[in-house]
Amino acid sequence: MEFMDSYSLWRQLVRPPQGVDEETRDLRMDLLVSDEFLLSVTNLVDYGIYDPPKVDVLSYLDGLLLRAEKMIAVGSPEVRESARNLRAYAALSRLMYRQYLDVGPSDDVPEEPRDE
């Protein structure tokens, strides 16, 4: 999957899915925090501004993926399903951010049509 493909998919998802217990709700909240870091990706696509946050976003997302994996391993069926959905969102976010870093400050970022 290329950068604009993963970006388009991520934008369609809008927000991570809801959690079903305290742990999955906490994980969701932490994914919402990661979305704030990922606004730098939107700035690149929409405005051509490449300015990654100073935070290690990949490590942050890796930690969220590990938390989701633990929930999948030991949770109830409902928790496992919720954690899988949250893990999928985190994995897509990580893929897109990794690709963003690979694209770098480039004038070659394909433009995506914007709804105005």
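Check the entry above for the structure.
Quantities reported herein were computed from a predicted structural model and do not represent experimental measurements. (Residues numbered from 1 in each chain as written. Predicted model: local features only at pLDDT ≥ 70, side-chain atom pairs only at ≥ 80, totals over all residues. Heavy atoms only, no water.)

Chemist: An account of the environment of Arg98 is needed here, citing residue identities and associated values.
Modeler: By the element assignment, Arg98 lies in helix H5 (residues 77-103). Along the sequence, Arg98 and Pro53 sit 45 residues apart, while their C-alpha atoms lie 13 Å from each other. (Helix = DSSP H or I, 4+ residues; strand = E, 2+ residues; numbered from the N terminus.)

Chemist: Please give an account of the packing of helix H2 (residues 22-37) against helix H4 (residues 57-74) that cites residues and values.
Modeler: At their nearest, the axes of H2 and H4 sit 11 Å apart, and the two run at 160° to each other. In terms of their interaxial angle, H2 and H4 are classed as roughly antiparallel. Of the two possible hands of crossing, H2 and H4 adopt the one that is left-handed. Across the interface between the two elements, Glu23, Thr24, Asp26, Leu27, Asp30, Leu31, Val33, Ser34 and Phe37 from H2 touch Val57, Tyr60, Leu61, Leu64, Arg67, Ala68 and Met71 from H4. Split by residue class, the contact of H2 with H4 holds ten nonpolar, two polar and four charged. (Axes fitted to C-alpha atoms, helices over the stretch in contact; angles between N-to-C directions. Parallel < 35°, antiparallel > 145°, perpendicular 65-115°, else oblique. Left-handed = near helix turned anticlockwise from the far one by under 90°. Contact = heavy atoms within 4.5 Å. Nonpolar A, V, L, I, M, F, W, Y, C, P; charged D, E, K, R; others polar.)

Chemist: I'd like to hear about the nonpolar core, residue by residue, with values.
Modeler: Grouped together as the largest cluster of nonpolar side chains are 28 residues, with contacts concentrated most on Phe3, Tyr7, Trp10, Leu31, Val41, Met96 and Tyr97. Only helix H1 (3-13), H2, helix H3 (39-47), H4 and H5 provide two or more residues apiece to this core. In terms of residues, this core owes the most to one element, H5, which gives nine residues. (Core = buried A, V, L, I, M, F, W, Y, C linked by side-chain atoms within 4.5 Å. Buried < 20%, exposed > 50% of the residue type's maximum accessible area, 1.4 Å probe, protein only.)

Chemist: Tell me about the side chain of Gln99, and name the residues and values.
Modeler: Tracing the chain through its elements places Gln99 in helix H5. A polar contact is formed between the side chain of Gln99 and the backbone oxygen of Met1, at a distance of 2.6 Å. In contact with Gln99, other than residues within four places in its own chain, are Met1, Glu2, Phe3 and Ser6. (Polar contact = N/O pair within 3.5 Å; in protein donor to acceptor, adjacent residues only side chain to side chain.)

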